[in-house]
Amino acid sequence: MKVRDIVQYSAKALSGYSVRTLLMILAMAIGVASVIVLTALGEGARVFVTREFSSLGTYILIVLPGRSETTGGPPPLLGETPRELTLEDALFLARNSVVRRVAPITVGSAPVSWKHREREVTILGSTESLFDIRQLTMAQGRFLPAGDPTRGSGVCVLGHKLKTEIFGNQSPLGEWVRIGERRFRIIGVLAKKGQSLGLDMGDVAIVPVASAQALFNTSGLFRVLVQANGRDAIQKAKKTILNTIRKRHEGEDDVTVITQDALLSTFDRILLAMTLSVAGIAAISLSVAGILIMNVMLIAVSQRTTEVGLLRAIGAPSRQILRLFLAESAILSLIGAAFGIMLAFLGTWAISRGYPEFPVTVPAWALGAAVFVALLTGLIFGVLPAKRAARLDPVQALSRR
Amino acid sequence: MIRLSEIERIFPVGGETVHALSDVNFTVSKGEYVAIMGPSGSGKSTLLNIIGLLDRPDKGVYSLEGLDTTELTDDQQASVRRNKIGFVFQFFHLIPRLSAAENVELPMILAGTDPAERKSRVLEALSSYGLSERMKHRPDQLSGGQRQRVAIARATIMRPDIVLADEPTGNLDRSSGTEVIQILENLNDNGITLMMVTHDPDLGKRASRRVRLVDGRISADTGSP
Ligand SMILES: Nc1ncnc2c1ncn2[C@@H]1O[C@H](COP(=O)(O)OP(=O)(O)OP(=O)(O)O)[C@@H](O)[C@H]1O
Ligand SMILES: [Mg+2]
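Reading the values: rules and limits
- Residues numbered from 1 in each chain as written.
- Chains lettered and ligands numbered in written order.
- Predicted model: local features only at pLDDT ≥ 70, side-chain atom pairs only at ≥ 80, totals over all residues.
- Heavy atoms only, no water.
- Buried < 20%, exposed > 50% of the residue type's maximum accessible area, 1.4 Å probe, protein only.
- Helix = DSSP H or I, 4+ residues; strand = E, 2+ residues; numbered from the N terminus.
- Arc of directions from axis to C-beta.
- Core = buried A, V, L, I, M, F, W, Y, C linked by side-chain atoms within 4.5 Å.
- Contact = heavy atoms within 4.5 Å.
- Domains from an automatic or database assignment.
- pLDDT = per-residue confidence, 0-100.
- Patch = residues over 30% accessible without salt bridge, like charges linked within 9 Å, V, L, I, M, F, W, Y side chains within 5 Å.
- Areas by Shrake-Rupley, 256 points an atom, 1.4 Å probe, with all protein chains shown as cover.
- Salt bridge = Lys/Arg side-chain N within 4 Å of Asp/Glu carboxyl O.
- Pairing = 2+ DSSP bridges.
- Axes fitted to C-alpha atoms, helices over the stretch in contact; angles between N-to-C directions.
- Lys, Arg positive; Asp, Glu negative; His and termini not counted.
- Near = heavy atom within 4 Å.
- Polar contact = N/O pair within 3.5 Å; in protein donor to acceptor, adjacent residues only side chain to side chain.

This part is about helix H5 (residues 160-167) of chain A. All names here are of chain A. Listed as buried for H5 are Leu162, Lys163, Ile166 and Phe167. Looking down the long axis of H5, one finds its buried residues gathered within 100 degrees of arc, a one-sided arrangement. Just beyond H5, the residue with positive phi is Gly168, at close to 65 degrees.

Structure, rendered in structure tokens:
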């Protein structure tokens, strides 16, 4: 029997019972669609996180004060506080050949006021290097000037949102604002860049690091961003940073260095695992469709017993009967999968309309996998009914009217 | 060409066994016209099913054209049924969702015949049975006689050597029954071996040879003429 004839015969048998066939196709379509949509959401989350991290800048290492718990070693004694990471430490790191730039960062919160307007915002103390490391862009004016970082000056750069809230459409350049107890002259406004790593760069005021330290009366840094000379230099830079700090801190390993790559690949792995497990859960809904297919095919076999007997009488071997019924299950699954894919694209389209900033993309492998799993489900659950049909005794099948 | 020796067919029913056929010895040569008769439950259908390779004997040897059929695999038996044997049933057994033409085409589809050839052979067969107007009709749109003629067209479309008919007129009125018998006898005139189970003594008389079964045994055989 030719493949084309098998397909035609099975398709005709299926269309003979349209309600039942449509129900099965619907079940399969929902299963396939949920696998694809959930995979697309997981994939979207992965892309989202990757994008967030890349907005941090390239070849970046983050130095934090305090030992990371995962590096092991003896636990700190009771009451011991980690040594501060100082501005001098940061500047020392910059002397290294594998390090291109260093941006020390102090963070605090203080009211920013101009005339009668006042807003409490995040104050970021840093140096001119932050501009390149964070890949910032200016809307107006310029960024913090180069110069001795240990000497604070009274200038500041405002985030886009902060500027609008205090100055509206007016140009703030050259105006003096009060931050905490000090006065700063505005020299620039950041362009809109959006959020990165949870910090809204639109809602900050950036001042020289020494000024911020004076403002918050601290000598420690929140963290130091280090830009390595290139991708290959990242691991070397990490070692150098740890060595340098250990020397300066009397042999104590009391900083943690996070590389962006490591962070990214960890997140990547976690999110991929999440995507796969979510898709796996959705695949369970496919097995529901599979069980439905099995039941309906069992009914079909018992309803078409005489047909099976007749096919045997006119020369079909039992293997052929098996193939015919399996073909029906396969056709059901494939049509279901096709509708499922359409449904999935409709769903992801709706999601991307509702949440435009979240990147929902259907990965090509998910489409292939969904169709494959659908077909597999149809065949696995189709085997039992098909076998039952193939095993029918032709004489008894024909003696039933 | 058909040689049955010491054929036995047993059905277990409850704790007992029913001997549907016992010690059947029987030969049919090519081109014969055999009527199989006997009371209900005497094993007529069972005999026909064994000859048609739909059923296997529990004992004995059935050779068809010198070939021991009990040795054949399922695939080989199916191939014999497809190419050498045509069945005609009391209840027609047409597939209800398929048209007359599609029902007739089915054996050729199973055999993998070329679609173009299928079409022309179906057309030829149906028109020779006066059904060219009914090609597209489904079985429920046909009369009993028409249905049986479609079934005969299906049974003969592969040009078999043997046609086995189990009470082919059992569900028909007299006139369409006669029509069907004439078609079958016409096949026999063209050299096809015809074996027909019937309860009707008048029909039995038309056959050149009559075999009578009682309780699974051959009680009378007029023998080859
Ligand atoms: N599958 C089966 N299981 C049990 N007994 C069976 C089976 N098939 C047939 N028999 C028995 O075998 C015997 C012969 O049956 P068969 O159908 O060959 O009779 P028949 O001569 O064709 O009868 P009828 O004229 O009523 O069609 C009967 O007693 C029947 O009950
Ligand atoms: Mg019978």
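The next thing to look at is the nonpolar core. Residue and element names in this part refer to chain B. Of all hydrophobic cores here, the largest spans 74 residues; its most connected members are Phe26 and Met195. The contact partners of Met195, leaving out residues within four places of it in the chain, are Ile2, Phe26, Val28, Val34, Ile36, Leu48, Ile51, Val163, Leu164 and Ala165. In terms of nonpolar packing, the next biggest core, distinct from the first, is built from 37 residues, Phe92, Ala153, Ala155 and Ile192 among them.

Let us now look at the domain arrangement of chain A. Accessible area lost on assembly of the parts is the figure often given for the size of an interface. Domain annotation of chain A identifies domain 1 (3-52 + 265-398) and domain 2 (101-227). The straight-line distance from the C-alpha centre of domain 1 of chain A to that of domain 2 of chain A is 57 Å.

Before going further, it helps to spend a moment on the confidence of the model for chain A. When pLDDT is averaged across chain A, the result is 86; 93% of the residues are at 70 or more. For chain A, per-element mean pLDDT is lowest for strand S8 (residues 195-196) of chain A, which scores 53, and highest for helix H9 (residues 305-313) of chain A, which scores 95.

The subject of this paragraph is a nonpolar patch on the surface. All names here are of chain A. Together, Val19, Leu23, Leu26, Ile30, Leu343 and Leu346 make up a nonpolar patch on the protein surface, roughly 590 Å² of accessible area in all. Of all elements in the fold, only helix H2 (18-54) and helix H10 (318-354) reach the threshold of two or more residues within the nonpolar patch. It is H2 that provides the largest number of residues to the nonpolar patch, a total of four residues. Looking at the element boundaries, Ile30 is found in helix H2. Taking the relative accessible area as the measure of exposure, Ile30 reaches 47% and is therefore partly exposed.

Moving on, we get to the sheet that holds strand S6 (residues 85-88) of chain B. Residues and elements named next belong to chain B. Here we have six strands laid out as an open sheet, ordered S6-S7-S8-S3-S9-S10, and mixed in their pairing. The sheet is open, and its two borders are formed by S6 and strand S10 (217-221), each paired with just one other strand. Adjacent strand axes in the sheet meet at a mean angle of 20 degrees, parallel and antiparallel pairs treated alike. Relative to S10, strand S9 (residues 209-214) is paired through four bridges, and the arrangement is antiparallel. Across the sheet, residue Val214 finds its bridge partner in S10, namely Arg217. Seen against the sheet, helix H5 (residues 144-156) touches S6 and strand S7 (162-166) and runs at an angle of roughly 165 degrees to S6.

Here we come to the side chain of Asp166 of chain B. Residue and element names in this part refer to chain B. Looking at the secondary structure, you find Asp166 in strand S7. One buried charged residue, Asp166, remains without a salt bridge, the closest side chain of opposite sign being Lys44 at 7.2 Å. The contacts of Asp166, once residues within four sequence positions are left out, are Ser45, Leu48, Val88, Phe89, Gln90 and Val197.

Here the focus is the site of ligand 1. Taken together, 15 residues form the shell around ligand 1, and within it Ser40, Gly41, Lys44, Ser45 and Thr46 of chain B come nearest. This site is not confined to one chain, since residues near ligand 1 come from chains A and B. Separating an oxygen atom of ligand 1 from a backbone N or O atom of Gly43 of chain B is a distance of 3.0 Å. The separation between an oxygen atom of ligand 1 and a polar side-chain atom of Ser45 of chain B is 2.7 Å.

Right, let's get into the sheet that holds strand S4 (residues 59-64) of chain B. Residues and elements named next belong to chain B. Ordered in space as S2-S1-S4-S5, the four strands form an open sheet in which the pairing is antiparallel. Edge strands, defined here as strands with exactly one partner in the open sheet, are strand S2 (16-28) and strand S5 (67-68). One ladder, built from five bridges, connects strand S1 (residues 2-13) with S4; its direction is antiparallel. Across the sheet, Leu4 pairs through a bridge with Tyr62, a residue of S4.

With that out of the way, let us pick up the environment of Gly223 of chain B. Residues and elements named next belong to chain B. Relative to the elements of secondary structure, Gly223 occurs in the segment after S10. In this structure, the C-alpha to C-alpha distance between Gly223 and Arg209, residues 14 residues apart in sequence, is 5.9 Å. In this structure, Gly223 is in contact with Ser208 and Arg209, ignoring residues within four places of it in sequence.

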